[in-house]
Amino acid sequence: MRIKNIHLGNLWISVTSVILGLLVGAIIMLLSGFNPIENYISLFTGAVGSPNAIGEVLREATPLILTGLGFAVANSAGFFNIGLAGQALAGWLASVSFALAFPHAPGFLLLPGAILAGAIAGALWSGIAGFLRAYFGASEVITTIMLNYVALYATNAIVKGMLAKGDGDYSPTIPVQARLRTPFLEHLTQNSTFHWGILISLAAVIVVWWLMKKTTLGFEIRAVGMNEDASRYAGMSTKRTIISAMLISGCLAGLGGAMEGLGNFQNIIVNTALPSIGFDGMSVSLLATGSPVGIVLAAILFGLLKIGGLNISIASTTPPEIVDIVIAAVIFFVGANYIIRYLGIKLHRPSKPQPPVAANTAPQAAVDTRAEQAAEEGEDNQ
Amino acid sequence: MKISHKFGLAAAIAVMGLSLVACGSKGSSSSASNKTVKYSAALVTDGGGVDDKSFNQSGWEGLEAWGKKNGLKKGVGGYNYAQSNSDADFTPNINKLIQAKYKTIFGIGYKLESAITNAAKANPKTNFVIIDDVINRKNVASVTFKDNEGAFLAGVAAAKTTKTKKVGFIGGQHGAVIDRFEAGFRQGVAAVDKNISVDVKYANDFSKPDVGQALANAMYNNNEDVIYQAAGGTGMGVFSAAKNQIKKKKVWVIGVDRDQTAEGKYSGGNLTLTSTVKGVDIAVEKLADDVKNNDFPGGKTITYGLKEKGVKLVKGNLDAAAWKAVQDYQQQIIDGKIKVAEKPSQLKK
């Protein structure tokens, strides 16, 4: 019963955050002299109004589900994996390089091989941070941020120096049998970039749920996240758990990158910035409060906002930055969910006045007792 | 009980939201529902907005000028732009424009090459234009610019202006296009005086003004007094660095793609020496006109150089002697007496 309530509570917070975000977006549009209703309608039709739009939304959500899961796994172990973007880039590079290296291999070997290459590359990249954290206590926040830059510039150098033809800024396109986009799906969705990667993402959701809830490793990861010292005292190998959590996290992020490489772009480009799926994956995971099913919904919501948002500036004169503000506002309210929780509790107080009052007075009482004791001790000393 | 309370609250907030939104809709006008005109046109940016004071903005100004000339409105059926926030937005943006039935779609920048190629394959009835790259398809017109010729003149201007015999070049990202700028600039400087040193630095990004500012500060501190920036949004940082340095000593910036005189204004005058102007606007306007006149050059590559007035150097704040030299060299390039290199590797050491 209690667990159920918590889940509904989280859902409630996410939904309220989204609504407040849209509301802030509407207010900003009003202040800038644009029509929010019209723009939200064109956002909506731009996101679900045609098979093409739906295909694009799902394609946008596909890697976000994977990076979101990656963040959630690391977060359960108490780590803030900011390196998702770099790990995704490593996965993107590895999957495309693998596909380009064996242009004549049959599809049933090449495609799984390329996907696996992406997952392994992502895992190795985050494994570095996991290793440093487990054995030397190096903050994973700092190491993953720095590894992001290493990944970005190393990848660009490899693409430019080894994969690209001549002066180009992009690798050749991967062989047909390694592509996740197929003519069937293109036909189905009016030439959108929708690809089969969505199945991989959904499979990953089930695997991660099973891993975290039904296996010993999942239990250990959660235990380490709650209290590292207690877990060690209980006989768990915390070093092994930390590295495992980071490996799984990076593996999922690498898969997300492979989706971009094999599905969306079908090659690798010289990126001017880290791929946005890394940081958006963090937001997706936070919005979903770490629940695997919630991550699917949050990733689709991001897809709706991003793809639908492109339609706003096409259908009206509103600048596209407005959509970015709406998305940022949604994330802001998720981050500031304490405010929403607080307001929720306030509104509940009249019906259930007892517990909060008791909770508030108890610490106060404790402090008072301690103060009295201190005073007494002081007197004794004199 | 508890649960229903929460949902009640959420519903209340949602209703509040709706009513607020509803209030807002009253005052503002509904969108202009233009009739679908035969020759509507739109462009897709290569990252960043149409206010980048550079490449995308120039393309958009051309399209705006064309739209106004033809009495069209911004929006579906007229002229419009789609902003790409990342490279993943290229294809969705192009598809959205196709679905909105724009007849001609401009891809501003070489980065859109593969997205335009795929879209052109799938949509043979739509006209596409790619700027700064070449696509060989019947429904795609390619536009390239001889940026190296404009950059050569910038080199001449810098060489004629520098007092310290040291000038700088800040590029956005290595690649075929910026290579042309670097090669032309270095050749132009050397044509005037072989002893002037050219310090070449790359920001590796077109949208990081902070990096541009740091690079420029280092150059000015190294006594380089003229910097040519070919770095898009990153170049804005070069202007901020110059505005700080001008308090101590005389420094100049050479602008790129658009006439960037306005960016060089400071309390004591203007520090934009001159700008190489890339006629993206001219090309966009011309091609949109061609479609209107049923004369779309599909499958062809149009090259704009000094001769075609597709690239040029503005007079800006050049002194008479420098301007004279620029014009001399310009004539020699147009006459084919000087051939400007396209790659730094082609330059004589």
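Since we're looking at a predicted model, the values are computed, not measured.

Quick notes on the rules
Residues numbered from 1 in each chain as written. Chains lettered and ligands numbered in written order. Predicted model: local features only at pLDDT ≥ 70, side-chain atom pairs only at ≥ 80, totals over all residues. Heavy atoms only, no water. Axes fitted to C-alpha atoms, helices over the stretch in contact; angles between N-to-C directions. Helix = DSSP H or I, 4+ residues; strand = E, 2+ residues; numbered from the N terminus. Parallel < 35°, antiparallel > 145°, perpendicular 65-115°, else oblique. Left-handed = near helix turned anticlockwise from the far one by under 90°. Contact = heavy atoms within 4.5 Å. Nonpolar A, V, L, I, M, F, W, Y, C, P; charged D, E, K, R; others polar. Pairing = 2+ DSSP bridges. Buried < 20%, exposed > 50% of the residue type's maximum accessible area, 1.4 Å probe, protein only. Right-handed = clockwise from strand over helix to strand, strands pointing away. UniProt positions renumbered as here; feature names shortened; annotations may be inferred. Core = buried A, V, L, I, M, F, W, Y, C linked by side-chain atoms within 4.5 Å. Patch = residues over 30% accessible without salt bridge, like charges linked within 9 Å, V, L, I, M, F, W, Y side chains within 5 Å. Areas by Shrake-Rupley, 256 points an atom, 1.4 Å probe, with all protein chains shown as cover. Salt bridge = Lys/Arg side-chain N within 4 Å of Asp/Glu carboxyl O.

Student: Any details on the packing of helix α7 (residues 209-221) of chain B against helix α8 (residues 235-245) of chain B? Residues and values, ideally.
Tutor: Residue and element names in this part refer to chain B. Running from amino to carboxyl end, α7 crosses α8 at an angle of 40 degrees, the nearest separation of the two axes being 7 Å. The orientation of α7 with respect to α8, classified from their angle, is oblique. The way α7 lies across α8 gives a crossing that is right-handed. Every residue of α8 that contacts α7 at Pro209, Gly212, Gln213, Ala216, Asn217, Tyr220 and Asn221 is listed here: Gly237, Val238, Ser240, Ala241, Ala242, Asn244 and Gln245. Looking at the contact of α7 with α8 residue by residue, the class counts come to six nonpolar, eight polar and no charged.

Student: Report on the sheet that holds strand β9 (residues 252-257) of chain B, specifying residues and quantitative values.
Tutor: Within a sheet, each strand pairs with its neighbour through backbone hydrogen bonds, oriented either parallel or antiparallel. Residues and elements named next belong to chain B. Taken together, the six strands give an open sheet; going across it, the order is β7-β6-β8-β9-β12-β14, and neighbouring strands pair in mixed fashion. Edge positions in the open sheet fall to β7 (197-202) and β14 (311-313), since each of these has one partner strand only. In this sheet, adjacent strand axes meet at a mean angle of 15 degrees when their direction is disregarded. Taken together, the five bridges between strand β6 (residues 166-171) and strand β8 (residues 226-230) define a ladder with parallel strand orientation. Across the sheet, residue glycine 168 finds its bridge partner in β8, namely isoleucine 227.

Student: Give a detailed account of the pairing of strand β3 (residues 104-107) of chain B, specifying residues and quantitative values.
Tutor: Successive side chains on a regular strand alternate, one facing one side of the sheet and the next facing the other. All names here are of chain B. Across the two faces of β3 the burial is the same, with Thr104 and Phe106 and Ile105 and Gly107 all buried. With four bridges joining them, strand β1 (residues 41-44) and β3 adopt parallel strand pairing. Opposite leucine 43, over in β3, you have phenylalanine 106 as the bridge partner. For β3 and strand β4 (residues 127-131), the ladder comprises four bridges, and the chain directions are parallel. Paired with threonine 104 across the two strands is asparagine 127, which belongs to β4. Remark: the β3/helix α4 (residues 113-122)/β4 crossover connection has right-handed handedness.

Student: Mind laying out the side chain of asparagine 123 of chain B, listing which residues take part and the relevant values?
Tutor: Residues and elements named next belong to chain B. Mapping asparagine 123 onto the fold places it in the loop between α4 and β4. Take asparagine 123: its relative accessible area is 16%, and that puts it in the buried class. Non-local contacts of asparagine 123, meaning those with residues more than four positions away in its chain, are made with Ile98, Phe128 and Asn139.

Student: Could you give an account of the sheet that holds β4 of chain B, naming the residues involved and the relevant values?
Tutor: All names here are of chain B. Strand order in the open sheet formed by six strands is β2-β1-β3-β4-β5-β13, and the pairing between neighbours is parallel. Looking at strand neighbours, the two that pair on one side only are β2 (79-82) and β13 (301-304), the edges of this open sheet. Recorded for the sheet is a direction-independent mean angle of 20 degrees between the axes of neighbouring strands.

Student: Can you explain the UniProt feature "transmembrane region" (unreviewed entry) in chain A? Please cite residues and give values.
Tutor: Within this numbering scheme, the UniProt entry marks residues 12-34, 79-101, 108-128, 134-155, 194-212, 242-263, 284-305 and 325-344 of chain A as carrying the feature "transmembrane region" (unreviewed entry). Secondary structure across residues 79-101 of chain A divides into 78% helix and 0% strand, with the first and last C-alpha atoms of the span separated by 35 Å.

Student: Requested: an account of the environment of leucine 304 of chain A, with residues and values cited.
Tutor: All names here are of chain A. Within the secondary structure, leucine 304 sits in helix α13 (residues 292-315). Assessed through its relative accessible area of 26%, leucine 304 is described here as partly exposed. When the C-alpha atoms of leucine 304 and valine 57 are compared, they prove to be 5.6 Å apart, with 247 residues separating the residues in sequence. Sequence-distant contacts of leucine 304, that is, excluding residues within four places in its chain, are made with Leu43, Ala47, Val48, Val57 and Gly309.

Student: Go over the nonpolar core, please, and point to the residues and values.
Tutor: Ranked by size, the top nonpolar core spans 76 residues in total, and within it Leu69, Leu252 and Leu262 of chain A carry the most contacts. Looking at which element gives the most residues to this core, the answer is helix α11 (residues 238-265) of chain A, with eleven residues. One finds Phe106, Phe145, Val226 and Val326 of chain B within the second-largest nonpolar core, a separate group that totals 62 residues.

Student: Residue-level account of a nonpolar patch on the surface, with values.
Tutor: Residue and element names in this part refer to chain A. Residues Ile142, Ile145, Met146, Tyr149 and Tyr153 make up a contiguous nonpolar surface patch of roughly 480 Å² in combined accessible area. Following the sequence through the fold, tyrosine 153 ends up in helix α6 (residues 140-163). With a relative accessible area of 37%, tyrosine 153 lands in the partly exposed category.

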